Amino acid sequence: MTISIDTTAPPATSGQGGAGRDPLRVLAILARRKGDIFVYTTGQPQSFLVNRPEYVRHVLVDGADRYSKDTPINAGFATTIANALLTSEGATWRRQRSLMQPAFSKRNIPAVATIVGEQVGRLAARWDQAAAIGAPIDLHADTTQLMFRITSLALFHVDSEPWDAQMTDILGKALPVLTDVSQRPFRVAQIAIWDISQRIVEARKAQQNGHVDDVLGRLLQSGDINATHRALRDHVVTMALSGYETTASVITWGLYMLAQHPDVAEQLRSQIADVTGERTLALEDLRALPYLNAVVKETMRLYPPAWIIGRRALEDDRIGETDIPAGSVVAVSPYTLHRHPRYWPDPDRFDPRRFMDERAERDRPAFTYIPFGAGPRTCIGTNFAQVEAPLVLGQLLQRYRMRLVNDGEVQPQGIFVIVPQQPIHIALSAA
Ligand code: HEM
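Criteria and cut-off values
Residues numbered from 1 in each chain as written. Predicted model: local features only at pLDDT ≥ 70, side-chain atom pairs only at ≥ 80, totals over all residues. Helix = DSSP H or I, 4+ residues; strand = E, 2+ residues; numbered from the N terminus. Contact = placed C-beta atoms within 7 Å. Core = buried A, V, L, I, M, F, W, Y, C linked by C-beta atoms within 7 Å. Buried ≥ 20, exposed ≤ 12 C-beta atoms within 10 Å, placed from the backbone. Pairing = 2+ DSSP bridges. Axes fitted to C-alpha atoms, helices over the stretch in contact; angles between N-to-C directions. Near = placed C-beta within 6 Å. Nonpolar A, V, L, I, M, F, W, Y, C, P; charged D, E, K, R; others polar. Parallel < 35°, antiparallel > 145°, perpendicular 65-115°, else oblique. Expected span 1.5 Å × (residues − 1).

### Brief notes about the overall build of the chain
Per the secondary structure count, the chain includes 15 helices and twelve strands. Considered along the principal axes of its C-alpha atoms, the chain spans approximately 60 × 50 × 40 Å. Counting contacts in the chain only where the partners sit at least 6 residues apart, residues at least 24 apart contribute 71% of the total.

### Digging into the nonpolar core
In this structure, V56, V236, V330 and L393 are the most contacted members of the largest nonpolar core, which totals 117 residues. Tallying contributions element by element places helix α10 (residues 229-260) first for this core, with 14 residues.

### Digging into the sheet that holds strand β12 (residues 425-430)
Sheet architecture is open: three strands sit in the order β4-β12-β9, paired in antiparallel fashion. Edge strands, defined here as strands with exactly one partner in the open sheet, are β4 (137-138) and β9 (400-404). Looking at chain direction, β9 and β12 are connected through five bridges and run antiparallel. Each residue of the ladder has a partner; that of M402, found in β12, is L428. Along the sheet face, helix α5 (residues 109-133) touches β4, β9 and β12 and points at about 90 degrees away from the line of β12.

### Digging into the site of the ligand
Every one of the 26 residues lining the ligand counts as a neighbour, but G243, T246, G373, C379 and G381 are closest to it. Residue assignment for the shell around the ligand shows that the elements contributing at least two residues are α10 and α15 (382-399). When residues in the shell around the ligand are grouped by element, the largest group, seven residues, is from α10. The class makeup of the residues in the shell around the ligand is 15 nonpolar, eight polar and three charged.

### Observations concerning the packing of helix α12 (residues 290-302) against α15
At their nearest, the axes of α12 and α15 sit 10 Å apart, and the two run at 110 degrees to each other. Taken together, the axis directions place α12 and α15 in an arrangement best described as roughly perpendicular. From α12, L292, N293, V295 and V296 reach across to α15, where they touch A389, P390, L393 and G394. Of the residues in the contact of α12 with α15, the class split is six nonpolar, two polar and no charged.

### Focus: the sheet that holds strand β8 (residues 329-332)
Reading across from one edge, β1-β2-β8-β5-β3 is the order of the five strands in this open sheet, with mixed pairing throughout. Pairing within the sheet leaves two strands with one partner each, and these edge strands are β1 (37-39) and β3 (67-68). Seen against the sheet, helix α2 (residues 53-62) touches β1, β2 (47-50), β3, β5 (309-313) and β8 and runs at an angle of roughly 125 degrees to β8.

### So, the pairing of β5
Most of β5 sits inside the fold, with five of its five residues counted as buried. Burial of β5 is two-sided: the residues I309, R311 and A313 facing one way and the residues G310 and R312 facing the other way are all buried. Sheet analysis places β3 next to β5, joined by two bridges and oriented antiparallel. From the neighbouring strand, Y67 faces β5, where its bridge partner is A313.

### Description of helix α6 (residues 139-156)
Along its 18 residues, α6 runs 25 Å from first to last C-alpha, staying within 8% of the 26 Å computed at 1.5 Å per residue. With 17 of its 18 residues buried, α6 lies for the most part within the structure.

### Let's talk about the packing of helix α8 (residues 184-205) against α10
At a minimum axis distance of 9 Å, the contact between α8 and α10 shows a crossing angle of 105 degrees. Viewed along their axes, α8 and α10 adopt a mutual orientation that is roughly perpendicular. Residues I193, W194, S197, Q198, I200 and V201 of α8 pack against L232, R233, V236, V237 and A240 of α10. Looking at the contact of α8 with α10 residue by residue, the class counts come to eight nonpolar, two polar and one charged.

### Focus: the environment of R149
In this structure, R149 sits in helix α6. Look at R149 and you get buried, because 24 C-beta atoms sit within 10 Å. With 33 residues separating them in the primary sequence, R149 and V116 have C-alpha atoms 9.4 Å apart. With residues up to four places along the chain from it excluded, the contact list for R149 reads Q119, S160, E161 and D164.

### A short note on unusual backbone geometry
Among all residues save glycine, negative phi is the norm, and among peptide bonds the norm is trans. Following Q44, the chain continues to P45 via a peptide bond in cis, the omega torsion being -10 degrees. Positionally, P45 belongs in the loop between β1 and β2. At D346, a position not held by glycine, the phi torsion is positive, near 45 degrees. Mapped onto the fold, D346 is located in the loop between α13 (334-337) and α14 (358-363). Residue classification places D346 among the exposed positions, given that 9 C-beta atoms sit within 10 Å. In this structure, F367 takes a positive phi of about 70 degrees despite not being glycine. Summarising the element assignment, F367 is placed in the loop between α14 and α15.

This is a description of form; function is not addressed.
This is the structure in structure tokens:
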């Protein structure tokens, strides 16, 4: 989601890999200067950012029929990467959503939790070696590989190990130029993503163990959606990218925050130990660990993976005192909304206790916290993400103490999701 920002904005720090400006920082500055609704890009179509819960509700929920997903960025994604649930509209979207929704139902959660436990164990075998020789790990490289594998197993029941490094490495280089077809990293990534998704489908078709009621199982059984080779590929690519990049972002920033706040990490580790004793954190334990949930929520407040949600006005509208001409882009940024000082005291401070305070939670207006979006297009993977993120974080915390090796703070960068601008190096030791 690279966006070209209002050039009257202050200069931004250079983004990695050609992103040029730094949209997160610029949006945050504009939101503080310009109020709750403002034009944030130059050029056409005119693009507004709304940064107030009532307006969020107006666009994403009440106005869902009057605002489409057909923004330039989504259209670019649909033509050059994949056109499926993330970008489809109308009757096609409704059909796709109802086909895939059951795969994300609560009854599939225990299987996801088992996959998480196994894959964290696999990662730990490697991290144990790194800890033993005192070699720091590259946090985001490892979390993206971990989450790609978990996502492939949870949604497609295919072990993606042969392609993990290729997928995450190539995509990491291509994301800054995502949808810019003229750039070589983009072309390389496009071909690799399509190829890997094809291999995932072939690996699944070759399996002997019959039907599994996951995303790919449902797609393969649906004569309609499976009609073309391209449609199936687009679904696999959409689900893989939206499933793993987002959750990896939460794990990366969550562990980064915990490494920066050892007091929170210690408190959390001891609470987990009180509940689990010597055994590995399990799905059934999550209910007894509200602080773990609060750490995940606070991480997604400060670093919401989906940092901008765009819509296009299908007809003229008025939001607050501002006229919105038909055809304009109207965007919501969970990043600026979650740091709005009117709703969040000391907004830039990492403080999970704000999600433990029942009264503050009750008093906060609806639609001030929307990491998974709002309205009919809300995230289909919410149930999975809400189990994957605390289980991965908690299980890694049970095993390791983590010390940041980087000099200075790591800045976030808003691309497809929020990623670190530079590698985060962590030194591990046994907990
Ligand atoms: C912490 C993790 C996640 C976050 C923060 C997140 C965030 C979001 C947000 C904000 C949207 C709404 C976009 C819009 O309104 O335009 C969305 C939609 C979507 N997400 Fe997620 N997501 C996460 C995990 C997942 C996972 C695990 C999957 C799949 C396994 C997934 C698949 C999707 C899909 C397919 C859509 C489009 C749904 C539709 O339009 O019907 N997401 N996500």
